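Reading the structure
The primary structure of each chain is shown beneath.
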Amino acid sequence: MATASDTEVRKTPLYDLHVSLGARMVPFAGYAMPVQYPAGIIAEHNATRSAAGLFDVSHMGQAILRGDDPAACFERLVPGDIAGLATDRMRYTLLLNDTGGIRDDLMVTRIEENGVPALFLVVNAACKDADFAHIAAQLGGDAELQILEDRALLALQGPKAEAVLSELAPACRDLVFMQGAEMILAGTAAYVTRSGYTGEDGFEISLPNDAAARLAQTLLAHDDVEPVGLGARDSLRLEAGLCLYGHDIDTATSPIEAGLTWAVGKRRRETADFPGAGSILEQLKDGPLRKRVGLLPDGRAPVREGAVIRDAGDVEIGIVTSGGFGPSVGGPVAMGYVSTASATVGTALNIELRGRTVAATLVDLPFVPANYKRAS
Amino acid sequence: MANRKYSEDHEWVEVEGETGMIGISDYAQEQLGDVVFVELPDVGKLLDRTDEVAVVESVKAAAEVYAPVGGEVIEVNDALNGDPSLVNTDAFGDGWFAKLRLTDPAELDDLMDEATYKTYCEGLD
């Protein structure tokens, strides 16, 4: 089945390791990525919730923004309080378009290079070329963007992540959720943040490409660590109520509708100087017309992205944007948008499924409580 | 096992008299991954060959299962409602989907035998 496009599929530095572990490789955002290993999605999901899972997220885009005042500069593109970040602290934020739609969601960490502040950015794989072009075009002259093609990104997630990683770098114990630090891991300088996309405690580790496979093998040699593919990454983030870009959020959704109001910084609401501030602040004041909510279908049949949501009176009120099976919940889980008038927790709904409907209940997100190590 | 036949869509049918028991192959369950739900047909439903007989939901996606031969559904595997993972653990046994009373046994001639199917799957990898 070799086609011309197969030869253009990019590989992460862990490609050979994935293959040797028996992963099923699928094309994702232009990369050959492991969707699952022989253990299977449910086992990988459960290993992450109960012990630790290792994820290759090297396909994501990493970059450093430098300049006289990179934080102030970057605030022109996002609604987050970036200037207020202390060194080695990170924040989830959003690249917005001029109407307040979401171009991408990303992590921003304020780092220091020889005493000079810079921003470390991690963006979605599918958006990275467009994001970096946008950032460079908008901020060119005031800041310089260096794309880190030579760095891999590993995520170690789960309740045992700290115990495992501290065997290599005891300093990781000192990090709290959304904090980073440079550490030597298996002989290589890596930038480690206490963050992730599973709802569990854990770390993301940025390190040079040529050291990635060695660190991955060292971590996988630990009894408490299993390799985890994109399939379980999706079920973990869905249970954690986290948005998947291109599905739960996109250029047609606003941060307010998406329930990401907390990502619009307090100071930024007053200065109103981010893209789309007019419409976003209006929604903040008047309330959005629709809201992202959790959906718990009755029975065992998963509902999927695109399924129409109706109220008890059979009136169409929204659409499913992510849906599947939640292994920790033990049944189907979904999220989607419904009109604000119907967005009350406990509301009985019907979701279309293959020409019939499945009863469902509107619930709070997340489905599984977050297990972060927050600053006490 | 000698009378088990396969479709190109990875369904199997095992014939005993006028009855054909159907399911999906080991290759298919492996491609799907963990099965979390199987939507089975109603007993009494009349199916033409290639009509949708069931839907298999894995963690990631839904896949349609087509009848490899035509017939009337006379029994479904209710055990899959309680434990859909039987499709993964025993695709050719306890993970069966339905039994059909065959409309036209001659349709079986268009399906692959074990050896041909095995070669067919090898060509897909």
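Residues numbered from 1 in each chain as written. Chains lettered and ligands numbered in written order. Predicted model: local features only at pLDDT ≥ 70, side-chain atom pairs only at ≥ 80, totals over all residues. Heavy atoms only, no water.

So, on to the overall build of chain A. A tally of regular secondary structure across chain A gives nine helices and 19 strands. Relative to the 2.2 N^0.38 estimate, which gives 21 Å for 376 residues, the radius of gyration of chain A is 21 Å and therefore close to what a compact globule would have. Considered along the principal axes of its C-alpha atoms, chain A spans approximately 65 × 50 × 50 Å. When each of the 376 residues of chain A is scored for burial, the buried share is 56%. When contacts within chain A are restricted to residue pairs at least 6 apart in sequence, those whose partners lie at least 24 apart make up 65%. A total accessible area of about 15400 Å² is found for chain A, and carbon and sulfur atoms account for 51% of it. (Helix = DSSP H or I, 4+ residues; strand = E, 2+ residues; numbered from the N terminus. Rg over C-alpha atoms; globule rule 2.2 N^0.38 Å. Buried < 20%, exposed > 50% of the residue type's maximum accessible area, 1.4 Å probe, protein only. Contact = heavy atoms within 4.5 Å. Areas by Shrake-Rupley, 256 points an atom, 1.4 Å probe, with all protein chains shown as cover.)

One finds Tyr92, Leu94, Ile102, Phe120, Ile249 and Leu260 of chain A to be the most contacted residues of the largest nonpolar core, which totals 45 residues. Those elements that place two or more of their residues in this core are β5 (90–96), β6 (102–113), β7 (116–123), β9 (151–157), α7 (230–239) and α9 (277–286) of chain A together with β4 (35–39) of chain B. Sort the elements by how many residues they give to this core and β5 of chain A lands first, with four residues. Domain assignment of the residues forming this core places at least three in each of domain 1 (10–55 + 150–239) and domain 2 (289–363) of chain A. Filtering out sequence-adjacent residues up to four positions away, Ile249 of chain A remains in contact with Tyr92, Ile102, Asp105, Cys243, Leu244, Ala258, Leu260 and Tyr337 of chain A. The next biggest cluster of nonpolar side chains, apart from the first, holds 28 residues, and it includes Leu165, Val192, Phe203 and Ala212 of chain A. (Core = buried A, V, L, I, M, F, W, Y, C linked by side-chain atoms within 4.5 Å. Domains from an automatic or database assignment.)

Right, let's get into the domain arrangement of chain A. Residues and elements named next belong to chain A. Along its sequence, chain A is carved into domain 1 (10–55 + 150–239) and domain 2 (289–363). Each of domain 1 and domain 2 has a C-alpha centre, and the two are 31 Å apart. With eight residues of domain 1 in contact, the opposing surface of domain 2 contributes eleven residues. Interface area lost by domain 1 to domain 2 is led by Arg237, Leu238 and Glu239, which between them contribute 65%. At the junction of domain 1 with domain 2, the criterion picks out zero salt bridges. Our count for the domain 1 to domain 2 interface comes out at five residue pairs in polar contact (both at pLDDT 80 or more). (Buried area = accessible area lost by both parts, 1.4 Å probe. Salt bridge = Lys/Arg side-chain N within 4 Å of Asp/Glu carboxyl O. Polar contact = N/O pair within 3.5 Å; in protein donor to acceptor, adjacent residues only side chain to side chain.)

Moving on to a negative patch on the surface. On the surface, a cluster of negative charge is contributed by Asp26, Glu30, Glu122 and Asp125 of chain B. Its location among the elements puts Glu30 of chain B in helix α1 (residues 26–32). (Patch = residues over 30% accessible without salt bridge, like charges linked within 9 Å, V, L, I, M, F, W, Y side chains within 5 Å. Lys, Arg positive; Asp, Glu negative; His and termini not counted. Charge placed at Lys NZ, Arg CZ, Asp CG, Glu CD.)

A few words on the environment of Thr109 of chain A. Residue and element names in this part refer to chain A. Checked against the element boundaries, Thr109 lands in strand β6. With 70 residues separating them along the chain, Thr109 and Gln179 place their C-alpha atoms 8.1 Å apart. Ignoring sequence-local partners within four residues, the contact set of Thr109 consists of Asp88, Arg89, Met90, Ala118, Leu119, Phe120, Tyr191 and Thr193.

Here the focus is the interface of chain A and chain B. On the side of chain B, 18 residues touch chain A, which itself brings 20 residues to the contact. For the pairing of chain A and chain B, the buried interface totals around 1500 Å² over both sides, and the portion due to carbon and sulfur atoms is 49%. The largest contributions to the chain A side of the interface with chain B come from Arg300, Arg304 and Arg354 of chain A, which together make up 40% of the buried area. Across the chain A-chain B interface, the total number found is four salt bridges. Here Glu39 of chain B makes a salt bridge to Arg356 of chain A, at a shortest N to O gap of 2.6 Å. Elements with a contribution of two residues or more to the side of chain A that touches chain B: β2 (31–36), α2 (41–50), α7 and β16 (316–326) of chain A. The residue makeup of the side of chain A that touches chain B, split by class, is nine nonpolar, five polar and six charged. (Nonpolar A, V, L, I, M, F, W, Y, C, P; charged D, E, K, R; others polar.)

Further remarks concern the packing of aromatic side chains. Taken as a whole, this structure holds seven aromatic pairs over all chains when the rule is applied. Between Phe120 of chain A and Tyr191 of chain A, the ring centres sit 5.9 Å apart and the planes meet at 75 degrees, which makes this aromatic pair edge-to-face. Taken as a pair, Phe120 of chain A in strand β7 and Tyr191 of chain A in strand β11 (residues 188–193) lie far apart in primary sequence, 71 residues in all. Each of the two residues, Phe120 of chain A as well as Tyr191 of chain A, counts as buried. Arranged with centres 4.2 Å apart and planes meeting at 5 degrees, the rings of Tyr6 of chain B and Tyr117 of chain B form a pair that is stacked. Here Tyr6 of chain B is found in strand β1 (residues 4–6), whereas its partner Tyr117 of chain B is found in helix α4 (residues 114–122), with 111 residues between them in sequence. Among the aromatic residues, those joined into a ring-pair cluster are Tyr6, Trp12, Phe92, Tyr117 and Tyr120 of chain B. Above the ring of Phe92 of chain B, the side-chain terminus of Arg4 of chain B is found at 4.0 Å from the ring centroid. (Phe/Tyr/Trp six-rings, centres within 6.5 Å; stacked < 30°, edge-to-face > 60°. Lys NZ or Arg CZ within 6 Å of the ring centre and 35° of its normal.)

We now examine the sheet that holds strand β19 (residues 356–363) of chain A. Residues and elements named next belong to chain A. Read around the closed barrel, six strands run β14-β17-β16-β15-β18-β19, paired in antiparallel fashion. If you compare each strand with its neighbour and ignore which way they point, the axes differ by 40 degrees on average. Relative to strand β17 (residues 331–339), strand β14 (residues 290–297) runs antiparallel, the two sharing six bridges. When the bridges of β17 are listed, Leu295 appears paired with Ala334. (Pairing = 2+ DSSP bridges. Axes fitted to C-alpha atoms, helices over the stretch in contact; angles between N-to-C directions.)

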